[in-house]
Amino acid sequence: DAMVIQNPRYQVTQFGKPVTLSCSQTLNHNVMYWYQQKSSQAPKLLFHYYDKDFNNEADTPDNFQSRRPNTSFCFLDIRSPGLGDAAMYLCATSRAREGIRNQPQHFGDGTRLSIL
Amino acid sequence: AQSVTQPDIHITVSEGASLELRCNYSYGATPYLFWYVQSPGQGLQLLLKYFSGDTLVQGIKGFEAEFKRSQSSFNLRKPSVHWSDAAEYFCAVGAGNTDKLIFGTGTRLQVFP
């Protein structure tokens, strides 16, 4: 089945130690998103790629960066994780076309990040 | 600016009872509306969507939602809840021409046997 896959499902890192989360998709969707979700809250969009175009949310900390080397893969890099960055990180994809926007997003199962 | 309100933080129902989860949106034009469900430790799964046309939308797992422009609402319903429906439910609106979603704060559904 076509899907969005996030690895690892659980990630533990130390305070201040860089960490990378990965996302891959077999849907061939051109838009990929990274969300941060804390307990009992809605997902918060960090940034998204429309094809190769990177779109950062205004309130996303500089500590968070992303890479999209090709259509299928997208990475979330946290340069110096703080205790407040402990959360579930969700990757999502959608197929957007000129004139046909706001298509449904397909989510992976997330990576739960813990900071020691 | 677009916004989504889910007035109920937590709802408890008995298995077999009917369910309605409320969602109100604020958007100037015809909205793109979605309902997602999230089980513990998992990602969000799309239940249904409304783009245009028939205001009563059928989704997966026996859910439906009705778009009411006059009330700016998109409430989710299910006639008979199953224990496996216990989860967090998020209503979302498409944020204009941006490919982004604006989520409500979610409603946690608890189902008693």
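Look up a bit, the structure's there.
Residues numbered from 1 in each chain as written. Chains lettered and ligands numbered in written order. Predicted model: local features only at pLDDT ≥ 70, side-chain atom pairs only at ≥ 80, totals over all residues. Heavy atoms only, no water.

A. Main features of the nonpolar core. By size, the foremost hydrophobic cluster in this structure holds 26 residues, and its most contacted members are W35(B), L48(B), L76(B) and Y89(B). If you list the elements that add at least two residues to this core, you get β2 (10-14), β3 (19-21), β5 (33-38), β6 (44-50), β8 (64-68), β9 (73-78), β10 (87-94) and β12 (107-112) of chain B. Element by element, the count of residues in this core is highest for β10(B), at four residues. Contact partners of L48(B), with chain neighbours within four places excluded, come to L33(B), F34(B), W35(B), V57(B), Q58(B), G59(B), F63(B), E64(B), A65(B), F74(B) and L76(B). Listed in part, the 19 residues of the second largest apolar core include V19(A), C23(A), M32(A) and A87(A). (Core = buried A, V, L, I, M, F, W, Y, C linked by side-chain atoms within 4.5 Å. Buried < 20%, exposed > 50% of the residue type's maximum accessible area, 1.4 Å probe, protein only. Helix = DSSP H or I, 4+ residues; strand = E, 2+ residues; numbered from the N terminus. Contact = heavy atoms within 4.5 Å.)

B. Molecular detail of the packing of aromatic side chains. Tallied over the entire structure, the rule returns 18 aromatic pairs over all chains. Each ring, one from F107(A) and one from F103(B), has its centre 6.4 Å from the other, and the planes form 65°; the classification is edge-to-face. You can see F107(A) sitting in strand β10 (residues 106-107) and its partner F103(B) sitting in strand β11 (residues 101-103), one on each of two chains. Geometrically, the ring pair formed by F90(B) and F103(B) is edge-to-face, given 6.2 Å between the ring centres and 85° between the ring planes. Pair noted here: F90(B) is in strand β10 and F103(B) is in strand β11, with a separation of 13 residues, a long-range link. When sorted by exposure, F90(B) lands in the same class as F103(B), which is buried. (Phe/Tyr/Trp six-rings, centres within 6.5 Å; stacked < 30°, edge-to-face > 60°.)

C. Expanded view of the pattern of salt bridges. All names here are of chain B. As enumerated under the stated definition, the model contains eight salt bridges over all chains in all. Taking the shortest distance from any N to any O, the salt bridge between E66 and R77 comes out at 3.2 Å. Remark: R77 occurs in strand β9 and E66 occurs in strand β8; sequence separation between them is eleven residues. On the basis of relative accessibility, which here comes to 22%, the residue E66 falls in the partly exposed class. The partly exposed category is assigned to R77, whose relative accessible area is 22%. Here the residues in one salt-bridge network are E64, E66 and R77, joined through shared partners. (Salt bridge = Lys/Arg side-chain N within 4 Å of Asp/Glu carboxyl O.)

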